[in-house]
Structure formats: structure tokens, C-alpha cells
Amino acid sequence: MAVVETRKLTKVFKQGELGAVNEVDLETREGEFLVFLGPSGSGKTTLLRMIAGLESPTAGEILIGGKVVNDLTPRERRIAMVFQSYALYPHLTVYKNIAFPLKAQNVPKNLHKEKVEWASSLLGIGGLLQRKPRELSGGERQRVALARAIVREPSVFLLDEPLSNLDAKLRLSAREELERFHRRVGTTTIYVTHDQVEAMAMGDRVMVLNKGVVRQLGTPKDVYDDPADTFVATFLGSPPMNLVENEGSIVGFRPEHFRLSEDIKESAKVVFKFRVENVEYLGAEFILAGFLVGGKMDGKKVIARLLLGHSFQIGMTYDFAIAERHLKFFDRTTEKKMAARALTWQ
Amino acid sequence: MAVGAVTKPVGGAKIKSAGSAISPLLGFAMFSPAVVYIALLIGAPFCLAIFYAFSDARIGGGPLHYVGFENFRSILQSPSFRSALKNSIIFTVAAQIIVMVCANILSIALEKPFRGRGLVRYLILLPWVAPVSLGTIGWKWILDSIYSVITWVLIWLGFVNKYSPPMWLGQEGLAITSVILVHCWRLIPFSTVILLAGRSAIPKEIPEAASIDGAGFWRTLFQINLPIMTPILGVALLFGTIFTFTDLAVVNLLTNGGPYDSTQTLPNLAFTQGIQGSDLAAGAAISVFLVPVLVAIAYLMLRVANRAEVV
């Protein structure tokens, strides 16, 4: 097991253009499950590929287990990687796929069988060893890819969107399986995804990236409850955080914190008039879209997310409120987080 | 289906009737040039060759008689035929080995982008685009006993004695080597293009996964890339085999089988005996002798091409 560290890591593909990854400083913790989260083009995969050694950095350093590995080949970094497409060797059986890293790293041949059996039983694919990859389902392929990654007992796991090729139903169970798998092997893992639900559910910590820059690094609770800027605020959460401009700053609040005034028992709350424009019934909850009425924030569009137990009519205005501790403030120009303050909007 | 038929009965009927009226005729019309071409230029000569092989046909000769396997018996006894058969096999096998190795190296070199790659790819393809006869005549000059640039360079470098230069096409071993060399020169571009296509069809992640798994260049090449490319390699190999085995132009123009039949091949022997030597029956028998071999190769080729679709 090992810690992965990057220092001012930068990758520029075309000179003169903005880098795909810009001066990323990062340090994983021992045995941690770290998630790189960002939209496509945010540089998360490039960052992962640099750590793997598949892409050479333009500037900066990569350290694995305290050693600079910039000039080491992927093989010498002792890492394992699972690709989005799994990249199984199509001409080899599952057994030979899993045994390939052992062969390539000159592990004595008499140990192969035992290790392959250990890895395949860990992932429950012991019965598939004689099949070819094309005879496997998506979920089975993913497990083979994981088994191939774990068999060499790597110091770090790199996973590049390993669930995105699975259908929605399978993705949920595969996610649980991955979590359990990580708990069992305890290897430092870096996981790349654009899916915020995956990131929140699986990550010990989440690193949010946009345009090659780290926007925030923290626990899922940190990045959700206390976003560092408006990008993180809107990228996490569905529906995203409401952002409303008011007096030179941007005020943010989560749709689930914007509730009927009578339901908020706290005294420190800000009350709004909210006119409902659209109601979506989602079974367990309502999504209300509408706008604020009156004061300086008149006409601003906001979304509320409520549990069942009320009924709303389109076109009607209701008294809504937010507890003051749930209000977030962002600078209007830098869009960075600001200290909490009193909200005057009347 | 029923609903569709009710709402759009006219359109459906129209398309159907139009289709049934036109398609058989149109299909036949589009198909027939190929049938006529194959029947007249391949089928008829082929049948004629089999017919002649069992007769005593001569150019300008009189009535034909059936002679059974007499022609085959006589060519099998001829030393020219035996050396032609041997050489055909040697040329084919040797050229294919060299072509496969070189085409692999070239396809690896040309895979990654670099400045001027387009130009290099174009230049490499040129030998394949040029007519065989023109290319071979060019080689005849390069390998000429007096004007050879290769000899000239070797003399200049001091490797070769000015007064006894090598006779590239006049000494047995050198002539065989020269013929193989020209075959390679001609086939390498073709195989390179096929292998390049096969190589770029491998998803980029697979060799990347191999490098992360700890495989170096050679292991990735021999245990990952080449096995994945097997069907494509098979196609390149079998096409190359057929092109070399049936080629007349290179040997005919370069050495015409000499010296002393040391570079004689079956196609050239069939041509010299059958057409130039007027012994049509013997020429036909030599040509027909190739058929079973080529049928086997064609069968293999189709099987490999079929397998290629699976991967």
C-alpha cells in the first residue's frame, strides 16, 4: 500500500492553450478511496493517466510511496488500473487474462494458479475462468478487469469510470460490490467518475475538478454541505443548489432546505414568498420550480425539493423559508465561498 | 403491423409492387458484368487449360488427341519442372517471411503520428501502385551486370573488387536472392497497409493495459498485439502467398528463369514451354498443376477472412 502525491502537476497538450491539468497538488491517505469528480473535459482522466504513467506530465512531480516516479514506466510504478472499456485481452481466456500481470512481472509460474484462484474467488468469477471475454456480460467483464488488477497485489488502484459501461440497475449493485471490495482489500484507490452520486456514495474524499483545476477536496459531506465555489455548489446535488444574486454577492441554498415556512421550527430563518410554476411528483418527493415574489430578489427562479405530505397548486404563492445556517454566500466575481452574513432582501 | 397496413395501404402496396417489378431485373443487370467477366476471362481459359492438359495440343497444330496423364508424367520427369516447383516454393516462403517481418516493423513505425508521416506512408505505398513490369525493369537496371548502382556503391565503399563485380542476376545464389528481394520490395507496401489497418483497429487501452500489467515492448507485441491481429496477418500472408506464387512478371523480366533454371518458377516455365516453346499441352499441364495448391490456399484465405469478422 502506498500514498500517491502530486506536486504542481500540469499537463498541456497544445502549447499556448489552457492545460488539461493545471498545477494539481494532491495527497492521498493510506488505504483511502479518493474520487476525482468532474464533468467531461475537466482533466480527471488525464490526471489519472499521468499517475498511471500512460501520459507524461508537462510540469510537476508525481510521487508514489514517497518516491518520485515521473520517469518510471507504468510497470515500475506497481500500480493497477481498470479502464472504462475494461481493456480485457480478447484472445485470452479469463484465466490467462488474470494471469497476464503475473507472467509479465515474472512471478514464479507455480504461484500463478493459486493467485488467479484467489483473485477470481474474491470477485466470484471462479466459474468463468475458461471463457473468452466476448462470452461474458458487462458485469462479468468488469469483475475480470478487477481481478486482473488485484492479482498482482498492487500498491495503488486506479479506476477510470469502471461503472459507466454498465446499465443503471447493474451499476448500483456493482457499486456496492466495489465498496465492499475496497473495504476488504484496503488498497489506496483513486476512482474517476463524472457521476456525483457515485462520488458521494463511494468516496472517503472527493476531489472536484473543472477545467483542469482542483475546485475542492474534502469528504462527501464537506463538498456537499460546504461547497468552495459556485461550480462545486451546482455540480453536486440534483437538482443543484439554488444560486440567487443579491447585493453584490451570490446567495446559495439547497432545494431540500427551501421548505414551507411552517415546517421550519428554527427561529433564525429567512422567509420568502414563493410562487409555484411547475410541480413534479417523483413518488417520494416533489420538485417545485417557481420564483420568489417581492423584495430585491423578486422574480428569481428557484427550485424546492419537498417530501410528500403537502399539496401545491400551480400559480399559487406560498410562504417558504430557509434556516439561516443553510444559507451560503459566494463572491460575485470570483464565485468563491464567503463568510456567512445576514441576508437582507426585503 | 396490422395498424400500419390499415393506415398506409396505398404506399405499402406501391412500394411492394415497384420492388417486385424492378428488383430481379436490376439485380441481374448489376450482377451480369461480373458473371460475364469471370466466365470469359477466367472460367473459359481455365476450362481450356484443363482440356489442353490432357491433350497433345501445340500452337498452330492440327487435330487434338486425348493423351490422358501423359503430359503430367512427362513434366514430372523434367528437371526444369522440378527446379521450378522448388523455386516457386522457396521464393514464396522466403519472401513471405521477410515481408511479414518488415511490414510489421514498418506498421509499428508508422502507427504513431510524427511530422511527415503522410508523406512517408505515400512513398512506402508507391512500389505497390507502380505496375509490376515497370518496377521490375527498374530493378533490372539496379541489378545490371555493368550499370548496377548497388555494385557501384559497394566498389566505392571498398567491399567489392572492381574487376570481378558480383553478377546479381547471373550467379545462382545471387539471382535467387535478387528475385526474392524484388518480390519483397513489391509486397511490403501491400502488407504494411493491411497490418497498419489491423494495428490501428486494436483499442488503444489494450496495449496500455498491458504496459500497466508490466509487459514490455516485446511481450506486448508477441503476446498481445500480434495474436489479436492474427486474422489480419492471415489475410496479408495469404494474399502475399498467392501474389508471389502466381507471379510471372518478376522472374520473366529479371532472369527468365536463369541461370540454368536456378530461378525458374512454375508460371514462367508454363509460359516459356507453352507459349514460347509452342508446347501448349505441357504449358497447360504445368499451369493446372498449381490448381490444387491454390484451391487449398484460397479455401484457407476464406476461412481466415471469416474468422476476422468475429474479433
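Residues numbered from 1 in each chain as written. Chains lettered and ligands numbered in written order. Predicted model: local features only at pLDDT ≥ 70, side-chain atom pairs only at ≥ 80, totals over all residues.

1. Concerning the overall build of chain B
Stated precisely, the cut-off is as follows: The helix and strand labels rest on DSSP assignments: H or I over at least four residues marks a helix, E over at least two residues marks a strand, and numbering proceeds from the N terminus. Both definitions apply: the radius of gyration is a C-alpha atom measure, and the globule rule equals 2.2 Å times residues to the power 0.38. Neighbour counting defines burial: a residue surrounded by 20 or more other C-beta atoms within 10 Å of its own C-beta is buried, one with 12 or fewer is exposed, and intermediate counts give partly exposed, using backbone-placed C-beta atoms. With C-beta atoms placed from the backbone, a contact is any residue pair whose C-beta atoms sit within 7 Å.
Helix and strand counts for chain B come out as 14 helices and 0 strands. Reading the secondary structure of chain B in the N-to-C direction produces α-α-α-α-α-α-α-α-α-α-α-α-α-α. Over its C-alpha atoms chain B spans a radius of gyration of 26 Å, topping by over 25% the 19 Å that the globule rule assigns to 311 residues. With the C-alpha coordinates of chain B rotated into their principal frame, the extents come out at 90 × 70 × 30 Å. The 311 residues of chain B split such that 31% are buried. In chain B, the share of contacts with a sequence separation of at least 24, taken over all contacts with a separation of at least 6, comes to 67%.

2. Topic: the sheet that holds strand β8 (residues 188-193) of chain A
All names here are of chain A. Counted only if it meets this: DSSP calls a pair of strands paired once it identifies at least 2 bridges connecting them. Helix axes are fitted to C-alpha atoms over the stretch in contact, other axes to C-alpha atoms as well, and angles between N-to-C directions run from 0 to 180 degrees.
Spatially, β6-β7-β8-β3-β9-β10 is the arrangement adopted by the 6 strands of the open sheet, whose pairing is mixed. With one partner strand each, in any of the chains shown, β6 (79-82) and β10 (213-218) form the two edges of the open sheet. If you compare each strand with its neighbour and ignore which way they point, the axes differ by 15 degrees on average. Relative to strand β9 (residues 205-210), strand β3 (residues 33-37) is paired through 4 bridges, and the arrangement is parallel.

3. Topic: the confidence of the model for chain B
All names here are of chain B. Note the threshold: You can read pLDDT as the predictor saying how much it trusts each residue, on a scale of 0 to 100.
Looking at chain B as a whole, the pLDDT averages 82, with 91% of positions reaching at least 70. Confidence scores differ between elements of chain B, with helix α1 (residues 2-7) showing the lowest mean pLDDT of 38 and helix α9 (residues 205-212) the highest of 92. Of the regions scoring below 50 in pLDDT, residues 1-19 engages in 1 contact with residues more than four places distant in sequence or in other chains. Model confidence for the complex: the whole-complex pTM is 0.77, and ipTM, which rates the interface, is 0.82.

4. Comments concerning helix α3 (residues 109-122) of chain A
All names here are of chain A. Note the threshold: For a helix, the expected span equals 1.5 Å multiplied by the number of residues minus one. Directions drawn from the helix axis to the C-beta atoms are what define this arc.
Spanning 14 residues, α3 covers 21 Å between terminal C-alpha atoms, matching the ideal 20 Å at 1.5 Å per step. Along α3, the positions that sit buried rather than exposed are V116, A119 and S120. End-on, the buried residues of α3 take up no more than an arc of 90 degrees, which puts them together on one face. Across from the buried face of α3, at angles greater than 90 degrees, the exposed residues are N110, L111, E114 and S121. Its buried side turned inward, α3 meets α2 (94-104) and α4 (138-150). Just downstream of α3, G124 is the residue with a positive phi angle, here 65 degrees.

5. Focus: the pairing of strand β14 (residues 269-281) of chain A
Residues and elements named next belong to chain A. In this sheet, strand β17 (residues 317-323) lies alongside β14 in antiparallel orientation, the contact comprising 7 bridges. Looking across to β17, one finds that V271 is bridged to A321. Pairing geometry for β14 and strand β15 (residues 285-293), over 8 bridges, is antiparallel. Counted as the bridge partner of Y281 is F286 from β15. Once β14 ends, the chain turns through 3 residues before running back antiparallel as β15, passing G283 with a positive phi of about 90 degrees.

6. Description of the packing of α2(A) against α4(A)
Residue and element names in this part refer to chain A. Threshold: Throughout, the term roughly parallel applies to angles under 35 degrees, roughly antiparallel to angles over 145, roughly perpendicular to angles from 65 to 115, and oblique to all others. Crossings are assigned a handedness: left-handed for a near helix turned anticlockwise from the far helix by less than a right angle, right-handed for a clockwise turn. Classification convention: Asp, Glu, Lys, Arg as charged; Ala, Val, Leu, Ile, Met, Phe, Trp, Tyr, Cys, Pro as nonpolar; all other residues, Gly among them, as polar.
Their axes nearest at 7 Å, the elements α2 and α4 cross at an angle of 30 degrees. In terms of axis orientation, α2 runs roughly parallel to α4. Viewed along their axes, α2 and α4 form a crossing whose handedness is right-handed. Seen from α2, the contacting residues are V94, N97, I98, F100 and P101; seen from α4, they are V144, A147 and R148. Partitioned by chemical class, the residues of the contact of α2 with α4 number 6 nonpolar, 1 polar and 1 charged.

7. Some words on the packing of α9(B) against helix α10 (residues 217-228) of chain B
Residues and elements named next belong to chain B. Two numbers describe how α9 lies on α10: the axes approach to 11 Å, and their chain directions differ by 140 degrees. Overall, the two elements α9 and α10 adopt an arrangement that is oblique. With respect to the hand of their crossing, α9 and α10 are arranged in right-handed fashion. Along its contact with α9, which presents I206, P207, A210 and S211, the element α10 presents T220, I224 and N225. Along the lines of polarity and charge, the residues of the contact of α9 with α10 split into 4 nonpolar, 3 polar and no charged.

8. A short note on the interface of chain A and chain B
Taken together, the contacts link 18 residues of chain A with 15 residues of chain B. Within the residue set of the side of chain A that touches chain B, elements represented by two or more residues are β6 and α2 of chain A. Tallied by class, the residues present in the side of chain A that touches chain B amount to 13 nonpolar, 4 polar and 1 charged.

9. A look at the environment of B:F46
By the secondary structure assignment, B:F46 is in helix α2 (residues 9-53). Taking C-alpha positions, B:F46 is 9.7 Å from B:V291, a pair spaced 245 residues apart along the chain.

10. Observations regarding the domain arrangement of chain A
Spelled out, the test is: Residue ranges assigned to each domain were obtained from an automatic or database domain assignment.
Looking at chain A, the domain boundaries give domain 1 (4-225) and domain 2 (239-338). A separation of 39 Å is found between the C-alpha centroids of domain 1 of chain A and domain 2 of chain A.

11. Details of unusual backbone geometry
Residue A:P239 follows A:S238 across a cis peptide bond; omega there is -5 degrees. By the element assignment, A:P239 lies in the loop between α8 (230-235) and β11 (242-246). Unusually for a residue other than glycine, B:Y260 sits at a positive phi of about 45 degrees. Examined against the element boundaries, B:Y260 turns out to sit in the loop between α12 (249-254) and α13 (266-276). Take B:Y260: there are 12 C-beta atoms within 10 Å of it, and that puts it in the exposed class.

12. Overview of α4(A)
Residue and element names in this part refer to chain A. Between its first and last C-alpha, α4 extends 19 Å over 13 residues, near the 18 Å set by a 1.5 Å rise per residue. Burial analysis of α4 places 10 of its 13 residues in the buried class, the great majority of the element. Every buried residue belonging to α4 is among R141, Q142, R143, V144, A145, L146, A147, R148, A149 and I150, and all of these are buried. For α4, the secondary structure elements touched by its buried residues are β6, α2, α3, β7 (156-160) and α5 (168-185).

13. Description of the pairing of β3(A)
By the criterion of burial, β3(A) is predominantly enclosed, with 5 of the 5 residues buried. Side chains A:F33, A:V35 and A:L37 project from β3(A) onto one buried face, and the interleaved A:L34 and A:F36 project onto a second face that is buried too.

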